[in-house]
Amino acid sequence: MAHVTREHLDRLLEQALLADDHSSLARRLDEVASGYSSGDVSRASILVLAAEEWRAAGQPARAMDCFQRAVEDGGEAGIDPRAGIADTLFELERPDEAREVIETIRAEGDIRPATAHTIAETLVAYGDLPAGHEWATQAVLACDEDDPEHLALLRTRYRIRVDLGLPEDELDALVS
């Protein structure tokens, strides 16, 4: 079992960027998560990173497995791994299941801004601009202005509003 540090993960990510090899990085992150015992990064976070790399490598089934293991792990992951599951379900052309996952997240409440942002981007990517706008708006309203996600959410919301042909409003004016 291994103790995982942020520096260890940063080195892995840096090497993968140089090699431009998502499959190798995903496999390595999966191995790190399997051998995890402790660290300043949670196993769930490592699994979410592995899942994202599997998706980038064109392996959505493997990504789904990592996202599910992150959910089961229950550790801190930055975003709710179920948002990644929903995105992957859309990618696998299973939109009804994806929407069920999103509705479960909404029903449970207490949604982190990063998770809401991910869901908004997913919905927009798969053609549901009104739902993406709703998620982005609710997240902006619930997000503290000093949260690093706040400006990114404002920008995403503004972009969606432009795509929807909506007039500028008071939240749009906050985008700088």
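In the block above lies the structure referred to throughout.
This write-up is about the structure you can find in this document. (Residues numbered from 1 in each chain as written. Predicted model: local features only at pLDDT ≥ 70, side-chain atom pairs only at ≥ 80, totals over all residues. Heavy atoms only, no water.)

### A short note on the overall build of the protein chain
Test applied: Helix and strand definitions follow DSSP, with helices as H or I runs of at least four residues and strands as E runs of at least two, each counted in order from the N terminus. Atoms counted for the radius of gyration: C-alpha only. Globule rule: 2.2 Å times the number of residues to the power 0.38.
Each helix and strand in the protein chain was counted, giving nine helices and two strands. Ordering the α and β elements of the protein chain from the N terminus gives β-α-α-β-α-α-α-α-α-α-α. The C-alpha atoms of the protein chain give 17 Å as radius of gyration, which agrees with the globular expectation for 176 residues (16 Å, within 12%). A principal-axis box enclosing the C-alpha atoms of the protein chain has dimensions of 55 × 35 × 35 Å.

### Points about unusual backbone geometry
Just so we agree on the cut-off: Burial classes follow relative accessibility: with a 1.4 Å probe on protein chains only, a residue under 20% of its type's maximum area counts as buried, one over 50% as exposed, and anything between as partly exposed.
Backbone geometry places Glu93, a non-glycine residue, at a positive phi of 60°. You can see Glu93 is positioned in the loop between helix H5 (81–91) and helix H6 (95–108). Residue Glu93 is classed as exposed on the basis of its relative accessible area of 69%. The backbone of Asp110 shows a phi angle near 50°, a positive value even though the residue is not glycine.

### Some remarks on the side chain of Ser45
Under the convention used in this document: In this description, contact between two residues means that some pair of their heavy atoms is separated by no more than 4.5 Å.
Mapped onto the fold, Ser45 is located in helix H3 (residues 43–56). Sequence-distant contacts of Ser45, that is, excluding residues within four places in its chain, are made with Glu76 and Ala77.

### Considerations on the packing of aromatic side chains
We count it as follows: Two aromatic rings, drawn from Phe, Tyr or Trp (for Trp, its six-membered ring), form a pair once their centres lie within 6.5 Å of each other, and the interplanar angle then sorts them: stacked below 30 degrees, edge-to-face above 60, tilted otherwise.
According to the stated counting rule, one finds one aromatic pair in the structure shown. Each ring, one from Phe90 and one from Tyr126, has its centre 4.9 Å from the other, and the planes form 10°; the classification is stacked. Here Phe90, found in helix H5, pairs with Tyr126, found in the loop between helix H7 (113–125) and helix H8 (129–142); they are 36 residues apart in sequence, far enough to count as distant. Take Tyr126: its relative accessible area is 35%, and that puts it in the partly exposed class.

### A few points about the nonpolar core
When a protein is soluble and globular, its nonpolar side chains tend to lie buried together. Threshold: Only buried residues count toward a nonpolar core, which is a set of Ala, Val, Leu, Ile, Met, Phe, Trp, Tyr and Cys residues joined through side-chain atoms within 4.5 Å.
If you look at the biggest cluster of nonpolar residues, it comprises 49 residues, and the most contacted ones within it are Leu9, Leu29, Ile46, Ile102, Ile119, Leu123 and Trp135. Per-element accounting of this core gives the leading share, seven residues, to H3.

### Quick word on the pattern of salt bridges
Short version of the rule: Salt bridge, as used here: a side-chain nitrogen of Lys or Arg that lies within 4 Å of a carboxyl oxygen of Asp or Glu.
On inspection of all chains with the given rule, the structure shows 18 salt bridges. The partner of Arg28 in a salt bridge is Glu31, and the shortest N-O contact between them spans 3.3 Å. Separated by three residues within a single helix, Arg28 and Glu31 lie in helix H2 (residues 22–34), roughly one turn from each other. Residue class for Glu31 comes out partly exposed when judged on its relative accessible area of 45%. For Arg55, the salt bridge is made with Asp87, and the minimal N-O distance between the two is 2.9 Å.

### Let's talk about the environment of Thr137
Residue placement: Thr137 occurs in helix H8. Separated by 51 residues in the primary sequence, Thr137 and Ala86 place their C-alpha atoms 19 Å from one another.

### Some details on helix H9 (residues 149–164)
We count it as follows: Take the number of residues in a helix, subtract one, and multiply by 1.5 Å to get its expected span. Within this analysis, the arc is defined by the directions that extend from the helix axis to the C-beta atoms.
Taking 1.5 Å of rise per residue, 16 residues should cover 22 Å, and H9 covers 22 Å from first to last C-alpha, within 8% of that figure. Considered for burial, the residues of H9 that qualify are Glu149, His150, Leu153, Leu154, Thr156, Arg157, Ile160 and Arg161. Each buried residue of H9 lies within a common arc of 165° when the element is viewed along its axis, so the set occupies one face. Elements in contact with the buried residues of H9: H7 and H8. One or two steps after H9, the chain reaches Gly165, where phi turns positive at roughly 75°.

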